[in-house]
Amino acid sequence: MNERLNIVFASDRNYIQHLSVALVSLLVNNRELAFTVNIISSGMTAKDRRNIGEIVKGYDCEVRHLTVSDDLFVTLATEHPMYPKGIYYRLLIPSLIDEQKVLYLDSDIVVNGSIRELYETELGDAYVGAIEDPGFDRHAQLGMDKSAVYFNSGMMLINLRKWKETDLQKKIIDFIEKHPEDVWFPDQDGLNSVINGRWKKAPLKFNQFSSLFDADFESRFDCFGKEELQEARTKPVVIHYSSGSKPWHFKNRHPYKSYYWKYLKMTPYRRAIYSDLRPLHLLKSMIPKNFKTAIKKVLKKQAG
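Please read all numbers here as calculations on a predicted model, not as lab measurements. (Residues numbered from 1 in each chain as written. Predicted model: local features only at pLDDT ≥ 70, side-chain atom pairs only at ≥ 80, totals over all residues. Heavy atoms only, no water.)

Here we take up helix 1 (residues 16-28). Taking 1.5 Å of rise per residue, 13 residues should cover 18 Å, and helix 1 covers 18 Å from first to last C-alpha, within 8% of that figure. Counting buried positions over the 13 residues of helix 1 gives 13, a clear majority of the element. (Helix = DSSP H or I, 4+ residues; strand = E, 2+ residues; numbered from the N terminus. Expected span 1.5 Å × (residues − 1). Buried < 20%, exposed > 50% of the residue type's maximum accessible area, 1.4 Å probe, protein only.)

A positive phi angle is found at Asp167, which is not glycine, with a value near 55 degrees. With respect to the helices and strands, Asp167 occurs in the loop between helix 6 (160-165) and helix 7 (168-178). Accessibility expressed as a relative area gives 40% for Asp167, which makes it partly exposed.

A few words now on the packing of helix 1 against helix 11 (residues 257-264). Running from N to C, helix 1 and helix 11 cross one another at 85 degrees; their axes reach a closest spacing of 9 Å. Comparing their axes, helix 11 and helix 1 come out roughly perpendicular. Between helix 1, through Gln17, His18, Val21, Val24, Ser25 and Val28, and helix 11, the contact on the second element is made entirely by Tyr260, Tyr263 and Leu264. When its residues are assigned to classes, the contact of helix 1 with helix 11 shows six nonpolar, three polar and no charged. (Axes fitted to C-alpha atoms, helices over the stretch in contact; angles between N-to-C directions. Parallel < 35°, antiparallel > 145°, perpendicular 65-115°, else oblique. Contact = heavy atoms within 4.5 Å. Nonpolar A, V, L, I, M, F, W, Y, C, P; charged D, E, K, R; others polar.)

Attention now goes to the packing of helix 1 against helix 2 (residues 46-56). Each packed pair of helices is defined by two parameters, the angle between the axes and the distance between the axes. The contact between helix 1 and helix 2 brings their axes to 10 Å, and the two run at 15 degrees. With respect to helix 2, the element helix 1 is oriented roughly parallel. By crossing handedness, the relation of helix 1 to helix 2 is classed as right-handed. Residues Ile16, Leu19, Ser20, Leu23, Val24 and Leu27 of helix 1 touch helix 2, and the partners they reach there are Asp48, Ile52, Ile55 and Val56. (Left-handed = near helix turned anticlockwise from the far one by under 90°.)

In this structure, Ile7, Phe35, Leu103 and Ile115 are the most contacted members of the largest nonpolar core, which totals 54 residues. The leading source of residues in this core is helix 1, at nine residues. Excluding anything up to four places from it in sequence, Ile115 contacts Leu5, Ile7, Leu26, Asn30, Leu33, Phe35, Leu103 and Val237. Residues Leu66, Ile87, Phe136 and Leu191 belong to the second largest nonpolar core, which totals 38 residues. (Core = buried A, V, L, I, M, F, W, Y, C linked by side-chain atoms within 4.5 Å.)

Shown next as structure tokens:
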């Protein structure tokens, strides 16, 4: 395969360190491949770009920085204030990138092997190649067929030609805007509602999500075979730190936590410490909750 693989990351400034880990792990474990890496972001500084440039030196990797405005997602962010605007950046891929196929990866991942097999997957008429997100039962809520399977959007091999032909971007954004009370995970619910099961399953090893290590996972879900589960747990290609607890949190106990720190040392952010052990975070954690509430009330009153 002589073509350049088109990779997409989407991140706001708060995730640049983690995106750097994902990027260097991709390059280290796929030295034989050539990449065009598209980074969709807002507010990335000149220093951030220089750091990214340092990471890709020595690899056959072209980086394209695609800057977007957060103003595009004011309505969505207002309806779903618990989520950063950065989660919506991936929805802009069709309007920013002119390719037939791209591999989208979340920034809270580590690539632990070759992605050649994944990228060479023939999608046919499917919108994406992805893995199932188990336990979904909100078909009626999202207007999906009862038989449609719900996928995790942290890794998507995207049939970009089909996305553009069917104006998928607009349909997804329209759904999220019009059904704020029905979506729990805005971008992922929107994608699944519109795609409605028209996607192709990829092996679980290409999106090893965190709940696979829950003690009761196999008793709760039966959507993956034993061999596929074993392979994903022991020989993952994409490790997705998908829970609220991340490897950059001190108390995180993910079995592959050390991989994040291994690749972090290969980036300009190698001196970073656990985010929840930084002085400002520790200081905030020491302030009593009732005192924080009182301050917020005062500030709100003054603003009014």
